[in-house]
Amino acid sequence: MAVKKKAVKAAAKKAVKKKAAVTKKAVAKKKVVSASDDSTYTNFTPYKEKKGEEYMNPKQVEHFRAILEGWKKQLMDKVDETVHHMQDEAANFPDPNDRASQESEFAMELRTRDRERKLIKKIDESLANLDSGDYGFCESCGVEIGIRRLEARPTATQCIDCKTLNEIREKQFGK
Ligand SMILES: [Zn+2]
């Protein structure tokens, strides 16, 4: 009986250990996801259209303004975070052996920051389009890009057809 109890206890201990490992793994995975998550913004409630509602009416414009501004803020916070992180790390005077790895880490962070800056610029362009009334219409053919596509890609300037056509052309001509 005592042996059995011991075995159960050991098994429970093992299970706890296993659970801890899984949690650690999940956290690490989550971090990676959030790092590559800059290109999308999901922190909003999908817009519910009323029947016969006019496309890009003031309510829809406000909806997309909130999305674009929220996304921009998220990206700007991230840029700040990167700068602070690099300042902190650089102040630690690492061992020369660590320097190479630190430099490649910095190079990666700088690339990320550069990408975020470009994205912020695109968001600003979209906000300007919202003001001028061009937002939500394809810049190539003029059709409505559509609420759902804009929610998935708030900086989209082309309808899915023109975008697809462009991508095919780019592939063919290596533009
Ligand atoms: Zn189009």
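Q: Can you break down the overall build of the chain residue by residue, with the values?
A: In terms of regular secondary structure, the chain is built from 5 helices and 0 strands. Secondary structure elements of the chain, listed N to C terminal, follow the sequence α-α-α-α-α. When the 175 residues of the chain are sorted by exposure, 10% land in the buried category.

Q: Go over the packing of helix 2 (residues 58-90) against helix 3 (residues 96-132) with me, naming the residues and quoting the values.
A: The contact between helix 2 and helix 3 brings their axes to 9 Å, and the two run at 160°. By the angle between their axes, helix 2 is roughly antiparallel relative to helix 3. Helix 3 is crossed by helix 2, and the crossing has left-handed handedness. Looking at the contact of helix 2 with helix 3 residue by residue, the classes come out as 14 nonpolar, 4 polar and 7 charged.

Q: If you had to explain the nonpolar core to someone new, which residues and values would you point to?
A: Counting residues in hydrophobic clusters, the biggest one holds 13 residues, and the most contacted among them are Phe64, Ile67, Leu68, Trp71, Ile145 and Leu150. It is helix 2 that contributes the most residues to this core, 5 residues altogether. Contact partners of Leu68, with chain neighbours within four places excluded, come to Ile123, Ser126, Leu127 and Pro154.

Q: An account of helix 5 (residues 160-173) is requested, with residue identities and associated values reported.
A: Helix length check: helix 5 (14 residues) gives 20 Å between terminal C-alpha atoms against 20 Å at 1.5 Å per residue, within 8%. Of all 14 residues that make up helix 5, 0 are buried, and the element is exposed over most of its length. With its phi angle positive at about 55°, Gly174 sits one or two positions after the end of helix 5.

Q: Give me the lowdown on the confidence of the model for the chain, citing residues and values where you can.
A: Taken over all residues, the pLDDT of the chain has a mean of 81, while the share at 70 or more is 77%. Predicted confidence in the chain is weakest over helix 1 (residues 2-35), with a mean pLDDT of 47, and strongest over helix 4 (residues 147-152), with 96. Taken together, the stretch residues 15-36 has pLDDT below 50 and engages in 0 contacts with residues farther than four places along the chain or on a different chain.

Q: Mind laying out helix 3, listing which residues take part and the relevant values?
A: The first and last C-alpha atoms of helix 3 sit 54 Å apart over 37 residues, in line with the 54 Å expected at 1.5 Å per residue. Backbone geometry just after helix 3 places Gly133 at a positive phi near 85°.

Q: For the environment of Ala66, give the residues involved together with the corresponding values.
A: On the secondary structure map, Ala66 appears in helix 2. Counting along the chain gives 61 residues from Ala66 to Leu127, while the straight-line C-alpha distance between them is 9.9 Å.

Rules behind the numbers
- Throughout this description, residue numbers start from 1 for each chain and increase along the sequence as written.
- Two thresholds apply to this predicted model, a pLDDT of at least 70 for residue-level local features and 80 or more for giving and counting side-chain atom pairs, whereas whole-chain, interface and lining totals are computed over all residues.
- Segments assigned H or I by DSSP are reported as helices when at least four residues long, segments assigned E as strands when at least two residues long, and all are numbered from the N terminus.
- Whether a residue is buried, exposed or partly exposed follows from its count of other C-beta atoms within 10 Å of its own C-beta, namely 20 or more, 12 or fewer, or something in between, respectively; the C-beta atoms are built from the backbone.
- In this description, a line fitted to the C-alpha atoms serves as the axis of each element, helices being fitted only across the stretch in contact, and the angle between N-to-C directions of two axes falls anywhere from 0 to 180 degrees.
- Each angle is binned into one of four classes, with values under 35 degrees roughly parallel, values over 145 roughly antiparallel, values of 65 to 115 roughly perpendicular, and all other values oblique.
- We call a crossing left-handed when the near helix sits turned anticlockwise from the far one by less than a right angle, and right-handed when that turn is clockwise.
- Gly is put with the polar residues, along with every residue not named as nonpolar or charged; the nonpolar set is Ala, Val, Leu, Ile, Met, Phe, Trp, Tyr, Cys and Pro, and the charged set is Asp, Glu, Lys and Arg.
- A set of buried Ala, Val, Leu, Ile, Met, Phe, Trp, Tyr and Cys residues, joined through C-beta atoms within 7 Å, is what we mean by a nonpolar core.
- Residues are treated as contacting if the C-beta atoms built from their backbones sit within 7 Å of each other.
- Between the first and last residue of a helix there are one fewer steps than residues, each counted as 1.5 Å, and that sum is the expected span.
- Looking at any residue, its pLDDT shows the predictor's confidence there, from 0 to 100.

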